Amino acid sequence: PFKPAQRLSAIGVSEILKVTGLAAQMKREGQNVIILGAGEPDFDTPEPIKDAAARAMRDGATKYTALDGSPELKAAIRAKFKRDNGLDFAQDEITVSAGAKQVLFNAMMATLDPGDEVIIPTPFWVTYADIVAIAGGTPVLVPCSEANGFRLSPEDLARAITPRTRWLMLNSPSNPSGAAYSEHQYRPILDVLLKHPSVWLMVDDIYEHIIYDGFRFVTPVAIEPALRNRTLTVNGVSKAYAMTGWRIGYGAGPSALIKAMAVVQSQSTSCPSSISQAAAIEALTGPQDVIADRCRSFQQRRDLVVDALNSIEGISCRVPEGAFYTFASCAGLIGKTTPDGRVVEDDTVFADYLLRAAGVAVVPGSAFGLAPYFRISYATSAAELRDACQRIAAAAARLL
Ligand code: PLP
């Protein structure tokens, strides 16, 4: 019989997959289901990027490239950091992988020993904890309250640090909360890190360009250069350029770390796709106006969803600064009873009720480590979002 490796024992089937799997099955069976679980923009990759890929293919860019990214793509990434973040990185401080996810994976595999701790502010992208666990480390989850905008407080960070802490992981704007850190909100957290020189910082900036209301995005190394020699800044083309399927993510950090990450990559996937790398060069160096156009569209949809949710009794929703998710509280509905007599004990029951009774698939907050909330991805059409919010309102009103 099949026996999975011990290292998989800490990893459960993600609640996101459970909900979206059931929703997809209901849809196949002909039920009218709206799935608000997508982790990707609903837009297509811009044409000039596709053209660059086609050209590269025809010109023979069909072979292995340098292991952790072609020199041309690394140069484009360095130029991006200069242009968008005012940061100068050297060529050997850049790594390219099959998505930001692989950058994170390489970093944890390259640095964690059994018992090493990684601090993860909660709610968090589930992948963080799972990657840490696969790499043999111990995720240390630190709850971040809605009252503090789902941001980590410096006091909680200081309390969580132990002699075994290797990394702090930060994600701004955040999946699932959409919360982002401004420069002055980052400052006290970076000050705590300055007092603990053995703790490294991993920042996931993948939603950098999806921000609203004139929010000014900053990345920690630009705020505090003294952290540069122990920070891995992670980013990618998936979200900003609607390129999730192309699988290109990148990281910038100290060359010794980057080199160790290349060792992990060399014996797993080798170089990322040569064709996708050519497309990523066009994405990073070509016209950038498509980003702002799409942000405007996301912002309209964010406003639509936040307003609709906040008008439902028992549900409240903070206005997120970025990404394409809302993380709404359903605290006011916990303890009520569904028409068929089931008690809504927690957000998992609530999400299950919404799916079965209203045909709307959302992900319960507990899947991201914080209850009672639910995440809506608004990377779908305004018409569908309006319909979904009406269904949620009607379903909530039927609870007794
Ligand atoms: N980081 C966060 C916070 C995400 O939500 C996602 C995708 O959902 C990623 C990274 C993964 O990006 P990539 O497609 O580059 O692997």
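Here is what the cut-offs are and how they apply
Residues numbered from 1 in each chain as written. Predicted model: local features only at pLDDT ≥ 70, side-chain atom pairs only at ≥ 80, totals over all residues. Helix = DSSP H or I, 4+ residues; strand = E, 2+ residues; numbered from the N terminus. Buried ≥ 20, exposed ≤ 12 C-beta atoms within 10 Å, placed from the backbone. Contact = placed C-beta atoms within 7 Å. Domains from an automatic or database assignment. Near = placed C-beta within 6 Å. Nonpolar A, V, L, I, M, F, W, Y, C, P; charged D, E, K, R; others polar. Pairing = 2+ DSSP bridges. Axes fitted to C-alpha atoms, helices over the stretch in contact; angles between N-to-C directions. UniProt positions renumbered as here; feature names shortened; annotations may be inferred. Left-handed = near helix turned anticlockwise from the far one by under 90°. Right-handed = clockwise from strand over helix to strand, strands pointing away. Core = buried A, V, L, I, M, F, W, Y, C linked by C-beta atoms within 7 Å. Expected span 1.5 Å × (residues − 1). Arc of directions from axis to C-beta.

Caption draft 1: Inspection of the overall build of the chain at higher detail. The secondary structure content of the chain amounts to 13 helices and 13 strands. Evaluated residue by residue, the chain yields a buried proportion of 48% over its 400 residues. Of all intrachain contacts in the chain linking residues separated by at least 6 positions in sequence, the fraction that spans at least 24 positions is 72%.

Caption draft 2: Local environment of the domain arrangement of the chain. Assigned domains within the chain: domain 1 (6-44 + 290-397) and domain 2 (63-285). Contacts between the two partners involve 30 residues from domain 1, matched on the other side by 30 residues from domain 2. For the side of domain 1 that touches domain 2, the elements supplying multiple residues, two or more each, are helix 11 (289-310) and strand 10 (325-329). The leading source of residues in the side of domain 1 that touches domain 2 is helix 11, at five residues.

Caption draft 3: Broad picture of the site of the ligand. Around the ligand there are 13 residues in total, and G99, A100, K101, N175 and S238 lie nearest to it. For the shell around the ligand, the residue count by class is three nonpolar, eight polar and two charged.

Caption draft 4: Region of interest: the sheet that holds strand 10. Here we have four strands laid out as an open sheet, ordered 9-10-13-12, and antiparallel in their pairing. Two strands bound the open sheet, and with one partner strand each, they are strand 9 (316-317) and strand 12 (363-364). Where strand 10 and strand 13 (residues 373-377) come together, five bridges link them in antiparallel fashion. Bridge pairing links A328 to F374 in strand 13. Contacting strand 9, strand 10 and strand 13, helix 11 runs over the sheet at an angle of about 10 degrees to strand 10.

Caption draft 5: Up close: the sheet that holds strand 2 (residues 94-97). In space, the seven strands of this open sheet follow the order 2-8-7-6-5-3-4, with mixed pairing throughout. Strand pairing shows two members of the sheet lacking a second neighbour, strand 2 and strand 4 (138-143), which therefore form its edges. Strand-to-strand twist in this sheet, taken as the mean axis angle between neighbours without regard to direction, amounts to 20 degrees. In terms of strand pairing, strand 6 (residues 200-204) meets strand 7 (residues 231-236) through four bridges, oriented parallel.

Caption draft 6: The UniProt feature "domain: Aminotransferase class I/classII large" (unreviewed entry) in the chain, seen in detail. Feature annotation in UniProt places "domain: Aminotransferase class I/classII large" (unreviewed entry) on residues 32-392, given in this structure's numbering. A helix fraction of 39% and a strand fraction of 16% characterise residues 32-392, whose end C-alpha atoms lie 14 Å from each other.

Caption draft 7: The arrangement of the pairing of strand 10 in detail. Counting buried positions over the five residues of strand 10 gives five, a clear majority of the element. Neither face of strand 10 is open: one carries Y325, F327 and S329, the other T326 and A328, and all of them are buried. The pairing of strand 9 with strand 10 spans two bridges and is antiparallel. Each bridged residue has a counterpart across the sheet, and for C317 the counterpart in strand 10 is A328.

Caption draft 8: Summary view of the packing of helix 4 (residues 100-111) against helix 5 (residues 127-134). The interhelical angle for the contact between helix 4 and helix 5, taken along N-to-C directions, is 35 degrees, at an axis separation of 9 Å. In this structure, helix 4 crosses over helix 5, and the sense of that crossing is right-handed. Two secondary-structure elements touch here, helix 4 through K101, L104, F105 and M108 and helix 5 through T127, I131 and V132. Of the residues in the contact of helix 4 with helix 5, the class split is five nonpolar, one polar and one charged.

Caption draft 9: Quick peek at unusual backbone geometry. Of note, the amide linkage connecting S172 to P173 takes the cis form, showing an omega dihedral of -15 degrees. Looking at the element boundaries, P173 is found in the loop between strand 5 (165-171) and helix 7 (183-194). In the segment running from A371 into P372, the intervening peptide bond is cis, with an omega of -5 degrees. Even without being a glycine, A242 presents a positive backbone phi close to 50 degrees. Residue A242 is classed as buried on the basis of its C-beta count, with 22 C-beta atoms lying within 10 Å. The phi angle at A323 is positive, at roughly 60 degrees, despite the residue not being glycine.

Caption draft 10: Up close: the pairing of strand 6. In terms of burial, strand 6 is largely enclosed, as five of its five residues are buried. Going residue by residue along strand 6, you find W200, M202 and D204 tucked away on one face and L201 and V203 tucked away on the opposite face as well. With five bridges joining them, strand 5 and strand 6 adopt parallel strand pairing. Bridge assignment links N171 to a residue of strand 6, and that residue is D204. Once you follow strand 5 into helix 7 and on to strand 6, the crossover reads as right-handed.

Caption draft 11: Just the environment of A308, in detail. If you trace the backbone, A308 turns up in helix 11. C-alpha of A308 to C-alpha of C389: the two residues are 81 residues apart in sequence and 6.2 Å apart in space.

Caption draft 12: Geometry of the nonpolar core. With 124 residues, the main nonpolar core has L354, V360 and A361 as its most contacted residues. Leave out the neighbours within four places in its chain, and L354 touches V360, V362, I392 and A395.

Caption draft 13: Helix 2 (residues 47-58), seen in detail. The end-to-end C-alpha distance of helix 2, which contains twelve residues, comes to 17 Å, matching closely the 16 Å that a straight helix rising 1.5 Å per residue would cover. By the burial criterion, the buried members of helix 2 are I49, A52 and A53. Down the axis of helix 2, the sector holding all buried residues measures 100 degrees, keeping them to one side. Opposite its buried face, helix 2 presents the exposed residues E47, A54 and R58, each directed more than 90 degrees away. Against the buried residues of helix 2 lie helix 10 (274-285). Just downstream of helix 2, G60 is the residue with a positive phi angle, here 90 degrees.

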